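Residue-level listing of the chains:
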Amino acid sequence: MKKGNSSMIETLLKNNEILSTVYQKKCFIPVHINSPNNVTQQQAAEIIENYNVFGFSIFQLNQPISNDMDLINLYKCLGLYQPFVPQIYQHDPEIYQKSGLNYIHRGQKKGNGERFHRAFQTTNNQKLHSDGTLEGIGQIKTSTLFCVNPAGEGGDNLIFNSVAAFFTLLKMSPNLACSMLEENALKRVDIGRTNRSSIGPAFKIENNKLISRFSMDNTCDWEYGFNQILNLRECFNQLNRFINLDSPYYTRIRLQRNQGLIMANHKISHGRTFYSETPDSQRKMIRGLFSNEPQLNHQVIHEINNA
């Protein structure tokens, strides 16, 4: 173990500033909001508290949104002001809207041989990942998903409390766990598009807090790190043992119509199950990425509610 890592780990263990390791009933109960343009301070505070404690929060709108700006206003009430558009998508109008949000739904047939985006335009399952394939660890702190309409079957959201699982492993076997902190631990690749890659740690201790980019989807080249870093393969296998529905670190959520999910992208990993559609139930989600954590701003809430 590197000397610097040893010191940071001692501080981390002392402060124990991680997410809750137990998913309580409270975190699965949506915070009900009458209108995205009329969010109370109590509602915003409850959403933010769940985010900080559990790594995610669910909200329920009591009426449908009329356009993207309804969601933008709601997110502003949570201190999420400007959606982040990854560089690889900044000039792709098929993926991101002018609002900075992107739509996730099954794509229509293309006649020019172009491939659909595997995550945004197909019904495939998605393995656990952190949003931001090429972004540095912790750059995208918050991911949001809003369910305009659920699939006929499937499409459940998978959530893995990766920082809490890693923290447990760190306490049990620090020398093993430290392999995930190495700079060459995880290589991710923009598969099938630019094929650019980003190499960095899977976990990092920053300001005495653990952050994560732990991923297992098709963008990941774990062999790159396995071939260079002692104990990394074993550490990866140990973390995998925490990923099952009997684990306190893993859960699944099925969003209903007009429900949203606010996730700590720098602390948890998420994915989805395969889904199928029916003519009257075609899945559509609206995703937003943000470079900051949500925070309560009474002035912004007052301005939006009185606009």
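Since we're looking at a predicted model, the values are computed, not measured.

Colleague: What's the story with the sheet that holds strand S14 (residues 259-264) in this structure? I'm lost.
Modeller: Strand pairing in a sheet takes place through backbone hydrogen bonds and is either antiparallel or parallel in direction. In spatial order, the strands read S1-S2-S14-S5-S17-S3; together these six strands make up an open sheet with mixed pairing. Both outer strands of the open sheet, strand S1 (31-33) and strand S3 (102-105), are each paired with one neighbouring strand and no more. Adjacent strand axes in the sheet meet at a mean angle of 25°, parallel and antiparallel pairs treated alike. Judged from the four bridges that link them, S3 and strand S17 (residues 284-290) form a sheet pairing that is antiparallel. Looking across to S17, one finds that His105 is bridged to Lys284. Sheet contacts for helix H2 (residues 41-54): S1, strand S2 (56-61), strand S5 (142-149) and S14; angle to S2, the most-contacted strand, approximately 150°.

Colleague: What is the right way to read the pattern of salt bridges from this model?
Modeller: Oppositely charged side chains may form a pair once their charged atoms are brought near each other. Throughout the structure, instances matching the rule amount to eight salt bridges. Residue Glu49 pairs with Lys26 through a salt bridge whose shortest N-O separation is 4.0 Å. Of this pair, Glu49 sits in helix H2 while Lys26 sits in the loop between helix H1 (3-15) and S1, placing them 23 residues apart in sequence. Since its relative accessible area comes to 42%, Glu49 is described here as partly exposed. For the salt bridge of Asp131 with Arg287, the shortest nitrogen-to-oxygen distance reads 3.2 Å. Placement of Asp131 in the loop between strand S4 (126-129) and S5 and of Arg287 in strand S17 is noted, with a sequence separation of 156 residues between them. Exposure remark for Arg287: the relative accessible area of 7% places this residue in the buried category.

Colleague: Looking at this model, I keep getting lost on helix H3 (residues 68-77). Mind explaining?
Modeller: Working note: α-helix, 3.6 residues per turn, so residues spaced by three or four point in the same direction. Within H3, eight of the ten residues are buried, which leaves it mostly tucked inside the rest of the structure. Within the span of H3, buried status applies to Asp68, Asp70, Leu71, Ile72, Asn73, Leu74, Tyr75 and Cys77. The residue sitting at the N-terminus of H3 and contributing the capping side-chain oxygen is Asn67; that oxygen lies 3.0 Å from the backbone nitrogen of Met69. Two residues or fewer after H3 comes Gly79, characterised by a positive phi angle close to 80°.

Colleague: Would you explain the pairing of strand S15 (residues 269-272) in this entry?
Modeller: Residues in a regular strand project their side chains so that they alternate between the two faces of the sheet. Every second residue of S15 is oriented toward a common face, with Ser269 and Gly271 on one face and His270 and Arg272 on the other, all of them buried. Pairing between S4 and S15: two bridges, direction antiparallel. Each bridged residue has a counterpart across the sheet, and for His129 the counterpart in S15 is His270. With four bridges connecting them, strand S7 (residues 157-160) and S15 associate as antiparallel partners. Note that in S15 the partner of Phe160 across the bridge is Ser269.

Colleague: Would you explain the packing of aromatic side chains in this entry?
Modeller: The description of an aromatic ring pair rests on the distance of the ring centres and on the angle between the ring planes. Overall, the coordinates contain 15 aromatic pairs when judged by the stated rule. For the ring pair Phe214 and Trp222, a centre distance of 5.8 Å and an interplane angle of 50° mean the geometry is tilted. Assigned by exposure class, Phe214 and Trp222 land together as buried. Between the NZ or CZ atom of Arg283 and the centre of the ring of Tyr275, over which it lies, the distance is 5.0 Å.

Colleague: How should the pairing of strand S10 (residues 203-206) be read in this particular structure?
Modeller: The alternating pattern of S10 places Phe203 and Ile205 on a buried face and Lys204 and Glu206 on a face that is not buried. As paired elements, S10 and strand S11 (residues 209-212) share four bridges and run antiparallel to each other. Along S11, the bridge assignment pairs Ile205 with Leu210. Between S10 and S11, which follow one another and run antiparallel, lie two residues, and Asn207 among them has a positive phi close to 55°.

Scoring rules and cut-offs
- In this convention, every chain numbers its residues from 1, walking through the sequence in written order.
- Since the coordinates come from a predicted model, pLDDT governs what is reported: local features require at least 70, and pairs of side-chain atoms require 80 or more to be given and counted, while whole-chain, interface and lining totals use all residues.
- Note that the side-chain values use all heavy atoms of the structure and ignore hydrogens as well as water.
- A pair of strands counts as paired when DSSP detects no fewer than two bridges linking them.
- By the criteria applied, helices consist of DSSP H or I runs no shorter than four residues and strands consist of E runs no shorter than two, each listed in order from the N terminus.
- For helices, the fitted axis covers only the stretch in contact; all axes are lines through C-alpha atoms, and the angles between them, taken along N-to-C directions, range from 0 to 180 degrees.
- In what follows, a contact means two residues having at least one pair of non-hydrogen atoms within 4.5 Å.
- Any carboxyl oxygen of Asp or Glu within 4 Å of a side-chain nitrogen of Lys or Arg constitutes a salt bridge here.
- A 1.4 Å probe rolled over the protein chains alone gives each residue an accessible area, and that area as a share of the maximum for its type sets the label: buried under 20%, exposed over 50%, partly exposed in between.
- Polar contact criterion, stated in full: a pair of N or O atoms within 3.5 Å, where within protein one must be able to donate a hydrogen and the other to accept it, and residues adjacent in sequence count only if both atoms are side-chain atoms.
- In summary, the pairing rule links any two rings of Phe, Tyr or Trp, Trp by its six-membered ring, whose centres are within 6.5 Å, and it sorts them by plane angle into stacked for under 30 degrees, edge-to-face for over 60 and tilted for everything else.
- Lysine and arginine charges are scored as sitting over a ring when NZ or CZ, respectively, is within 6 Å of the ring centre and within 35 degrees of the ring normal.

All quantities given are derived from atomic positions and should not be read as evidence of function.
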